Amino acid sequence: MTQPAVRPPLPAQRLAGVASSPVRDLLALIDRPEVISFAGGLPAPELFDLDGLRAAFDRVLSTPAGRRHLQYAPTEGNADLRALVAARMTARGLRTGADDLLVTTGSQQGLTLIAAALLDPGAVVAVEEPTYLAALQCFQLAGCRIVTVRSDAEGIDPASLAEVLETDRPRLVYLVPTFANPTGRTLSAARRAEVAALAAEHGVWVVEDDPYGELRYRGEPVPALAAQPAAADRVLHLGSFSKIAAPGLRLGWVRTPATLRPALTVAKQAADLHTSTIDQAAAAAWLAGTDLDAHLEALRRAYAKRRDAMMTAMPATAPAGSVWTDPDGGMFTWLRVPGRAVDTAALLPAALARDVAFVPGAPFFAGRPDPATMRLSFTTHTPDEITEGMRRLAAVLRPAG
Ligand SMILES: Cc1ncc(COP(=O)(O)O)c(C=O)c1O
């Protein structure tokens, strides 16, 4: 006799408040060659060092030690890779030893490991508003309560942070201080010092998520938040190969205070034992055999022209009264169109019908969204294509001309 079917249990409760990323959903929708997409946060594929990376994989697999690079490996990561990344960070002004680094499967995994190691369900996390969508997902999935801190043209507002630290007592503050996703803004040096002092005073962890710092197109570099002496023992600094080499490598790293190393290593063991051995070895070989400065200079030159094309077209694209960021680096500008009732999500179908795409701004807000905003990425099209894309977008944003 057959038993009546009993439904399998539902997904875990912790998924209840976590929506699928609208950006990733949108990327699936716009995968048509005729679309000029300002939606993704993708690096330009034609600028990947395909030959250099192919040669690096070939090199590490062709040596007698090649089989070792296909074996299980230590959780902390490839020693050569960590030494090379540490040397680069030190040269950029953030003194780092190989032992300070844990290699991760993309910096996104760094966020997951930090959440697993530091945040119990119900823990409070403070984020600047707006902020990186997948960080919000990660903290939501960990069962955290997210509180928001105001930001302006110079990044997070220290006065608002001080208030939130007093009132909500977060355990962790999450920031993208340099060429932020989604706004393109950079936290000024003076504000970094204020944030570091506040973190020290209130005893909170700070995550400095820095995938874009090497992509500066003008102006002087601002030292990392992790380099601020006041907060040196409480900033976790995340780096990534995604924007300087290729995101498909899924390679990133966490620079962690010594006290947190054991906890993060256990979280990493539980997550995936270690990041791909062969990918790490190839990345180390690529770094050792490439003139990284020359490669980055080529990226910066190309992206600067694309940024300029978008900025040049913006006044004729955005309706009168709009405001937008003019980023010194990174991949994004953030546009706010005027009017209380505007919802850029409602404009998206018309944009897609004209073969141009953007990301509506609302999902980047953990608190009350500002639906009149949108994120535009300038990295994946040539200046001419950007000019054409902005012309199409103008027809949507200011149809009367
Ligand atoms: C601010 C920020 N953090 C983390 C990531 C994830 O990067 P990765 O490819 O290293 O996982 C991104 C990707 O766009 C990002 O914008």
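To be clear, the structure that these remarks concern was listed above.
Because the structure is predicted, anything quoted here is derived from the model rather than measured. (Residues numbered from 1 in each chain as written. Predicted model: local features only at pLDDT ≥ 70, side-chain atom pairs only at ≥ 80, totals over all residues. Heavy atoms only, no water.)

(A) Main features of the sheet that holds strand β15 (residues 373-377). Sheet architecture is open: four strands sit in the order β11-β12-β15-β14, paired in antiparallel fashion. The open sheet has two edge strands, β11 (323-324) and β14 (359-360), and neither has a second partner. Two elements, β11 and strand β12 (residues 332-336), share two bridges in a ladder whose sense is antiparallel. Looking at the pairing, W324 lines up with L335 of β12. (Pairing = 2+ DSSP bridges. Helix = DSSP H or I, 4+ residues; strand = E, 2+ residues; numbered from the N terminus.)

(B) Inspection of the sheet that holds strand β2 (residues 101-104) at higher detail. Strands sit in the order β2-β10-β9-β8-β7-β3-β4 across an open sheet of seven strands; the sheet is mixed. Each end of this open sheet is capped by a strand with a single partner; those strands are β2 and β4 (145-149). Put simply, the sheet's adjacent strands are angled 20 degrees from each other on average, direction ignored. Of the pairings in the sheet, the one linking strand β3 (residues 124-128) to β4 comprises five bridges and is parallel in character. Bridge pairing in β4 places A126 opposite V147. (Axes fitted to C-alpha atoms, helices over the stretch in contact; angles between N-to-C directions.)

(C) Spotlight on the packing of aromatic side chains. Under the counting rule described, the total for this entry stands at six aromatic pairs. Ring centres 6.4 Å apart and planes at 70 degrees place the aromatic pair Y217 and F378 in the edge-to-face group. Of the two residues, Y217 sits in the loop between β8 (205-209) and β9 (235-240) while F378 sits in the loop between β15 and α12 (383-397), which places them 161 residues apart along the sequence. Like Y217, the residue F378 is buried in the burial classification. Put simply, the rings of W334, F364 and F365 touch in pairs and so form one group of aromatic residues. (Phe/Tyr/Trp six-rings, centres within 6.5 Å; stacked < 30°, edge-to-face > 60°. Buried < 20%, exposed > 50% of the residue type's maximum accessible area, 1.4 Å probe, protein only.)

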